[in-house]
Amino acid sequence: MMKIKMRDKLRKWREENFRNSEQIVDVGEELINEHASKLGDDIWIIYEQVMIAALDCSRDDLAWSCLQELKRQFPDSHRVKRLAGMRLEALERYEDANKLYDSILQDDPTNTAARKRKISILRAQGKSSEAIRELNEYLEQFVGDQEAWHELSELYINEHDYAKAAFCLEELMMTNPHNHLYCEQYGEVKYTQGGLENLELARKYFAQALKLNNRNMRALFGLYMSASHVAASPKVSAKVKKDNVKYAAWAASQISRAYQVRRVREENVKCSAHGITKAVYTVAMVHNVNIIHL
Amino acid sequence: MASSFWKGVVGVGLFALAHAAFSAAQHRSYMRLTEKENETLPIDIVLQTLLSFVITCYGIVHISGEFKDMDASSELKNKTFDTLRNHPSFYLFNHRGRVLFRAPEQEPSTPSAQALPSNPLRLRKLENYH
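Residues numbered from 1 in each chain as written. Chains lettered and ligands numbered in written order. Predicted model: local features only at pLDDT ≥ 70, side-chain atom pairs only at ≥ 80, totals over all residues. Heavy atoms only, no water.

Put simply, the test is: UniProt positions are given in the numbering used here, feature names are shortened, and annotations may be inferred rather than shown by experiment.
Under an unreviewed UniProt entry, chain B has the name Membrane magnesium transporter and belongs to Cyprinus carpio. According to UniProt, the comment filed for chain B under the heading Subunit (unreviewed entry) is "Component of the ER membrane protein complex (EMC)." Under the heading Sequence similarities (unreviewed entry), UniProt records this for chain B: "Belongs to the membrane magnesium transporter (TC 1.A.67) family."

Per an unreviewed UniProt entry, the recorded name for chain A is ER membrane protein complex subunit 2, and the organism is Cyprinus carpio. Turning to chain A, the UniProt record has this under Subcellular location (unreviewed entry): "Endoplasmic reticulum membrane". The UniProt entry for chain A carries this comment under Sequence similarities (unreviewed entry): "Belongs to the EMC2 family."

Printed below as a string of structure tokens:
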């Protein structure tokens, strides 16, 4: 019974990209050591999952043993070679890892996993502009790779190149129109870029994110902030100012209501609704001292 | 298990459908032999066909697992950035976890904290925060 629960938890963590490596190592190690025989073919993918988590937790012994099992079962597999490369990367032996990935690519030039690992090596070594260049070349060939687009947007954000990050997020929004998180992140990038049109655009995307998921608190805060900034800007007409003040007031009321509901549900939350409303208005006043670049 | 009951239902439905088909074919050939080709199919065969079709559909719906919401955005309502920004193919390992979790080589062994009272150690692993 326990092992079924453990196996289901591991599958949930695997499918939803959780990176709770300490837990995965705990649960996975027990599952492997005690119930290996009863898992059947699931065990290979569990070995892979536990190995990556072990690398995160500096458990090189566990990672090595998982790798050995996988090598024994799948001697010529590119996927296992990639795992061996990841282990070398974790040990900071980047040249050896690069050689391994190059050998995979010689065998199979279309192998996306090896190319992505080479880009990660560049990133780990701090060579972000080369990583960006390689990732751009990769995306020219494999345009549909969502993970890579999101990774590229993160790289651009780290380089403060918000225009290009916005472009990557636009690609993601185009292919995932119902995902509220991409809309919200796009709104945040536009808000960070600053300037009146970007703020209005940000407000619209925050509103879209809220339309897709009315429980997205970050989008609610974003709507409040961008609407207040547009209202405070000197270049807008009176009507636009009035509208934005209305939007900001609505967002503020939604925020304080959400906190109130939460407080009623969990008796021991220390923030009072009044305190939150005050905090929200204080933040607004602080921001009027112009922290964002216009 | 409940699912074997529904599998049985689907089996019965399909068998009844096949049986009705054979009866209809047999009835047709009988009509041709006795040269009464303008008589329609007897009502019990028609009823059997329709009923077994309904039963088969109902059984299949029960076998085929959970229904998903029609609204594409509703199953994303619980997704957070915690999981969205993890790109497994791009995982980096040069983070502080490499140092934080390193086994202490020569530290004096500190008395380990006692396990939490009621919850056995194993269950705690699963329930931490997910």
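There's more to say after this.
Some thoughts on the overall build of chain B
As a reminder of what qualifies: Elements are defined by DSSP. Helices are runs of H or I of four residues or more, strands are runs of E of two residues or more, and each kind is numbered from the N terminus. Exposed residues in this analysis have more than 50% of their type's maximum accessible area, buried residues have under 20%, and partly exposed residues fall in between, with area computed by a 1.4 Å probe over protein chains only. Any two residues having at least one pair of non-hydrogen atoms within 4.5 Å are treated as being in contact.
Looking only at helices and strands, chain B features 5 helices and 0 strands. Scanning chain B from its N terminus toward the C terminus, one meets helices and strands in the order α-α-α-α-α. For chain B, the residues scored as buried account for 23% of the 130 residues in total. Partitioning the contacts of chain B with sequence separation of at least 6, the portion at a separation of at least 24 is 60%.

Focus on helix 6 (residues 94-107) of chain A
All names here are of chain A. Our working definition: Residue count minus one, scaled by 1.5 Å, sets the expected span of a helix. Taking the helix axis as origin, the arc is that swept by the directions to the C-beta atoms.
Taking 1.5 Å per residue as the helical rise, helix 6 with its 14 residues ought to reach 20 Å, and the 20 Å between its terminal C-alpha atoms agrees with that figure. Buried within helix 6 we find Y94, A97, Y101, I104 and L105. What you see down the axis of helix 6 is that its buried residues fit within an arc of 95°, all on one side. In helix 6, the exposed positions angled more than 90 degrees off the buried face are occupied by E95, K99, Q106 and D107. Of the surrounding elements, those touching the buried residues of helix 6 are helix 5 (78-90) and helix 7 (112-124).

A look at the UniProt feature "domain: EMC2 TPR-like" (unreviewed entry) in chain A
Residues annotated by UniProt as "domain: EMC2 TPR-like" (unreviewed entry) correspond here to residues 81-190 of chain A. Across residues 81-190 of chain A, helical content stands at 81% and strand content at 0%; the span's end C-alpha atoms are separated by 41 Å.

Some remarks on the UniProt feature "repeat: TPR" (unreviewed entry) in chain A
Per the UniProt record, the feature "repeat: TPR" (unreviewed entry) sits at residues 146-179 of chain A. Across residues 146-179 of chain A one finds 79% helix and 0% strand; the C-alpha atoms that close the span lie 12 Å apart.

Some remarks on the interface of chain B and chain A
The line we're drawing: The term buried area denotes the loss of accessible surface (1.4 Å probe radius) that occurs when two parts are joined, taken as the sum for both partners. Basic side-chain nitrogens of Lys or Arg form a salt bridge, by our definition, when they fall within 4 Å of a carboxyl oxygen of Asp or Glu. Whenever two N or O atoms come within 3.5 Å, that pair is a polar contact, provided that in protein one can donate a hydrogen and the other can accept it, and provided that, for residues adjacent in sequence, both atoms are side-chain atoms. Each residue gets one of three labels, nonpolar for Ala, Val, Leu, Ile, Met, Phe, Trp, Tyr, Cys and Pro, charged for Asp, Glu, Lys and Arg, and polar for the others, Gly among them.
Taken together, the 32 residues of chain B in the interface contact 51 residues of chain A. Across the interface of chain B and chain A, roughly 4200 Å² is buried in total on both sides, 56% from carbon and sulfur atoms. Taken together, the connections running from chain B to chain A amount to 1 salt bridge. Salt-bridge contacts for B:R98 lead to A:D60; the nearest nitrogen and oxygen are separated by 3.4 Å. Linking chain B with chain A are 14 residue pairs in polar contact (both at pLDDT 80 or more), by the criterion used here. Broken down by secondary-structure element, the contributors of at least two residues to the side of chain B that touches chain A are helix 3 (81-84), helix 4 (97-100) and helix 5 (121-127) of chain B. With 4 residues, helix 5 of chain B is the single largest residue contributor to the side of chain B that touches chain A. Each residue belonging to the side of chain B that touches chain A can be placed in one class, and the counts come to 13 nonpolar, 12 polar and 7 charged.

Digging into the environment of A:Y191
Along the polypeptide, A:Y191 turns up in helix 11 (residues 180-193). For A:Y191 and A:Q260, which are 69 residues apart along the polypeptide, the C-alpha to C-alpha distance reads 27 Å.

Quick notes on the packing of helix 7 of chain A against helix 8 (residues 128-141) of chain A
All names here are of chain A. Using the following cut-off: Note on definitions: angles span 0 to 180 degrees between N-to-C directions of axes, and those axes are lines fitted to C-alpha atoms, for helices only across the stretch in contact. When an angle is under 35 degrees it counts as roughly parallel; over 145 it counts as roughly antiparallel; between 65 and 115 it counts as roughly perpendicular; any other value is oblique. Each crossing gets its hand from how the near helix is turned against the far one by less than a right angle, where anticlockwise is left-handed and clockwise is right-handed.
Running from amino to carboxyl end, helix 7 crosses helix 8 at an angle of 160°, the nearest separation of the two axes being 8 Å. Viewed along their axes, helix 7 and helix 8 adopt a mutual orientation that is roughly antiparallel. Between helix 7 and helix 8 lies a crossing of left-handed hand. Judged by residue contacts, T112, R115, K116, I119, L122 and R123 of helix 7 engage E130, A131, E134, L135, E137, Y138 and Q141 from helix 8.

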